[in-house]
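Observations on chain architecture
The lines below spell out each chain.
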Amino acid sequence: MRLSAESQALFDKALQWIPGGVNSPVRAFRAVGGNPFFAVRANGATVRDADGNEYVDYVGTWGPAILGHAPRVVVDAVKSAAEHGTSFGIPNPLEVRMAELVVNAVPSVEKVRMCNSGTEATMSAIRLARGFTKRGKIIKFEGCYHGHVDSLLVKAGSGALTLGQPDSAGVPLEFTSQTIVLPFNDVQAVREAFAAHGPDIAGIILEPVPANAGLYLPRDGYLEFLREITAGHESLLIFDEVMTGFRLGLAGAQGRFGITPDLSCFGKVIGGGLPVGAFGGRGEIMDCLAPDGPVYQAGTLSGNPLAMAAGVAVLEALADGSVYKKIEALGQALSDGLARAAESAGVAVQLQRIGSMSCCYFNDAPVHNMADAMKSDRDRFGNYFHGMLEAGIYVAPSQFEAGFISAAHDEATIGRTIEAAVEVMKAL
Ligand code: HOZ
């Protein structure tokens, strides 16, 4: 048994002063039982807790740490930016460099605006889509999570699904009355929604690879279909690439699947571990934003020099594509190894993966949407989670989150993970 006295003491104090002891619900371990550990240091592929335990980390601060934790280039960039000031609230050169990197990497993005979180990015993209089209309704999909935007907290994934609150209290029905919620990967459902409400639909927002109810992939042709039907109705296609952006490749999921959305949302990787979000797309749409246009959007800390410095350092490090090759190969090796571990233990799993993102569901049928994901044996997942943690491997404390591999992982860490999984699966 790993020592957790310090973490426990911190959690006891946290419970007095922080709701649920955490600043974001999914961290609380409620879905898997037990209490969270408190991190004091994260370096490369590992994270160390307050009791000195070290874990191979597959959460990667929920996606941003694509180069691993505290990579030299990011630490140096942040230190040097801080020497010049931590916030200006005045345009700064790093914002321009960041915009240039994003626009050059993602062909659908002609202009981009920085904000402070993925939630802000999706909230602003929705407002912009409504302002541009002068329509009210938005289609979203079950299990897709777009941050905690009021109108999108309907059948949402991530912590909301983990805690059984996919529809949050505190969101008046009026706020979601313009949200049409449909099952993912269901062409007919989208056709029917457009047949019934076409002229009122401002757009469709989706995670092109939903990764907040575990991880499932779009069926062949599904994204193309969404592109076509939105274009045919002069609605916008909005890709929430907060998780997949610069993670599945420089051009994200849209580059991987060859789709051109009208608007895209970013976060996580582009902030290099600092708080950041961004949304961008076609110039004529982006020009509807204030101060050029009538759609208001703002932020005191938007384009913050520390966040820009960190993000620019990461995007520059990713530019030659070698990191993607490495983490893709490691992702494949991990999935193959976990599949072998499950098979030899006689445990039914669905290993879903794209690039360096993956999820292990404990069920015996492929997962294509939230309803399929819900069939996973979550008690079994909880036992798997704790077994792995005990063996020094940290996977997300929820069945409904994706795992991430970074450039700091290597064959040895993957090998160690598979060895642990062999034992843990046997004991399930
Ligand atoms: N946005 C993250 C989920 N995919 C959750 C992060 C957190 O709750 O800490």
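Look up a bit, the structure's there.
The following paragraphs examine the structure supplied in this document. Please read all numbers here as calculations on a predicted model, not as lab measurements.

Conventions used here
- Residues numbered from 1 in each chain as written.
- Predicted model: local features only at pLDDT ≥ 70, side-chain atom pairs only at ≥ 80, totals over all residues.
- Heavy atoms only, no water.
- Near = heavy atom within 4 Å.
- Polar contact = N/O pair within 3.5 Å; in protein donor to acceptor, adjacent residues only side chain to side chain.
- Areas by Shrake-Rupley, 256 points an atom, 1.4 Å probe, with all protein chains shown as cover.
- 1 Å grid on protein atoms, 1.4 Å probe; cavity = no way out; pocket = protein on both sides within 12 Å on 5 of 7 lines; lining within 4 Å.
- Sits in = over half its atoms within 2 Å of the grid points.
- Axes fitted to C-alpha atoms, helices over the stretch in contact; angles between N-to-C directions.
- Helix = DSSP H or I, 4+ residues; strand = E, 2+ residues; numbered from the N terminus.
- Parallel < 35°, antiparallel > 145°, perpendicular 65-115°, else oblique.
- Left-handed = near helix turned anticlockwise from the far one by under 90°.
- Contact = heavy atoms within 4.5 Å.
- Nonpolar A, V, L, I, M, F, W, Y, C, P; charged D, E, K, R; others polar.
- Expected span 1.5 Å × (residues − 1).
- Buried < 20%, exposed > 50% of the residue type's maximum accessible area, 1.4 Å probe, protein only.
- Pairing = 2+ DSSP bridges.
- Points joined across faces, edges and corners; volume = space filled by probe spheres on them.
- Core = buried A, V, L, I, M, F, W, Y, C linked by side-chain atoms within 4.5 Å.

**Describing the site of the ligand**
The full set of residues close to the ligand is Ser24, Val26, Arg27, Trp62, Ser158, Asn212, Met243, Lys268 and Glu401. Interatomic distance of 2.5 Å between a side-chain N/O atom of serine 24 and an oxygen atom of the ligand. Between the ligand and glutamate 401 there is a distance of 2.8 Å, counted from a nitrogen atom to a side-chain nitrogen or oxygen. Taking 290 Å² as the accessible area of the ligand by itself, protein coverage stands at 85%. Among the detected pockets, the ligand sits in the largest pocket.

**Thoughts on the packing of helix H14 (residues 378-390) against helix H15 (residues 411-427)**
Their axes nearest at 9 Å, the elements H14 and H15 cross at an angle of 130°. The orientation of H14 relative to H15 falls into the category oblique. You can see that H14 and H15 cross each other, and the crossing is right-handed. Here Asn383, Tyr384, Gly387 and Met388 of H14 come into contact with H15, specifically with Thr417, Ala420, Ala421, Val424 and Met425. Residues of the contact of H14 with H15, tallied by class, amount to six nonpolar, three polar and no charged.

**A few points about helix H4 (residues 118-133)**
For H4, with 16 residues, the first-to-last C-alpha span of 22 Å sits near the 22 Å given by 1.5 Å per residue. The complete set of buried residues in H4 reads Gly118, Thr119, Ala121, Thr122, Ser124, Ala125, Ile126, Leu128, Ala129 and Thr133. One or two positions beyond H4, positive phi appears at lysine 134, with a value near 60°.

**Some points on the pairing of strand S12 (residues 357-361)**
Of all five residues in S12, five are buried; the element is thus mostly enclosed. Alternating residues of S12 divide into Met357, Cys359 and Tyr361 and Ser358 and Cys360, and every residue in both groups is buried. Strand direction decides the pairing type here: strand S11 (residues 350-354) and S12, joined by five bridges, are antiparallel. Bridge assignment links glutamine 350 to a residue of S12, and that residue is tyrosine 361. Where S11 folds back on S12, the antiparallel hairpin that results is connected by two residues, among which glycine 355 adopts a positive phi of roughly 55°. Sheet topology places S12 next to strand S14 (residues 403-404); two bridges connect them, and they run antiparallel.

**Looking at the sheet that holds S11**
Strand order in the open sheet made by the three strands is S11-S12-S14, with antiparallel pairing throughout. Both edges of this open sheet fall to S11 and S14, since each of them pairs with a single strand only.

**Concerning the sheet that holds strand S2 (residues 46-49)**
The sheet built from four strands is open, its strands ordered S1-S2-S3-S13 with mixed pairing. Looking at the sheet topology across the chains shown, the edges are occupied by strand S1 (39-43) and strand S13 (393-394).

**Quick look at the layout of surface pockets**
Looking at the largest pocket, its volume works out to about 1,600 Å³. Taken together, 50 residues form the lining of the largest pocket, with Ser24, Arg27, Thr61, Trp62 and Lys268 sitting closest to its centre. Secondary-structure elements contributing two or more residues to the lining of the largest pocket are S1, H4 and helix H5 (159-162). No other element matches the three residues that H4 contributes to the lining of the largest pocket. Class assignment of the residues belonging to the lining of the largest pocket gives a composition of 24 nonpolar, 20 polar and six charged. By volume, the second largest pocket is sized at about 520 Å³. Taken together, 20 residues line the second largest pocket, and the ones lying closest to its centre are Val112, Arg113, Met114, Leu289 and Ala290. Counting only elements with at least two residues in the lining of the second largest pocket, the list comes to helix H3 (93-105) and strand S4 (111-115).

**Description of the nonpolar core**
By size, the foremost hydrophobic cluster in this structure holds 69 residues, and its most contacted members are Ile66, Val102, Phe246, Ile270, Leu315, Leu318 and Met425. Of the residues forming this core, the biggest block, 10 residues, is contributed by helix H11 (residues 305-318). Contact partners of valine 102, with chain neighbours within four places excluded, come to Val109, Val112, Phe246, Phe266 and Leu315. Formed by 40 residues, the second largest nonpolar core is a distinct cluster that contains Ile139, Ile204, Ile259 and Phe400.

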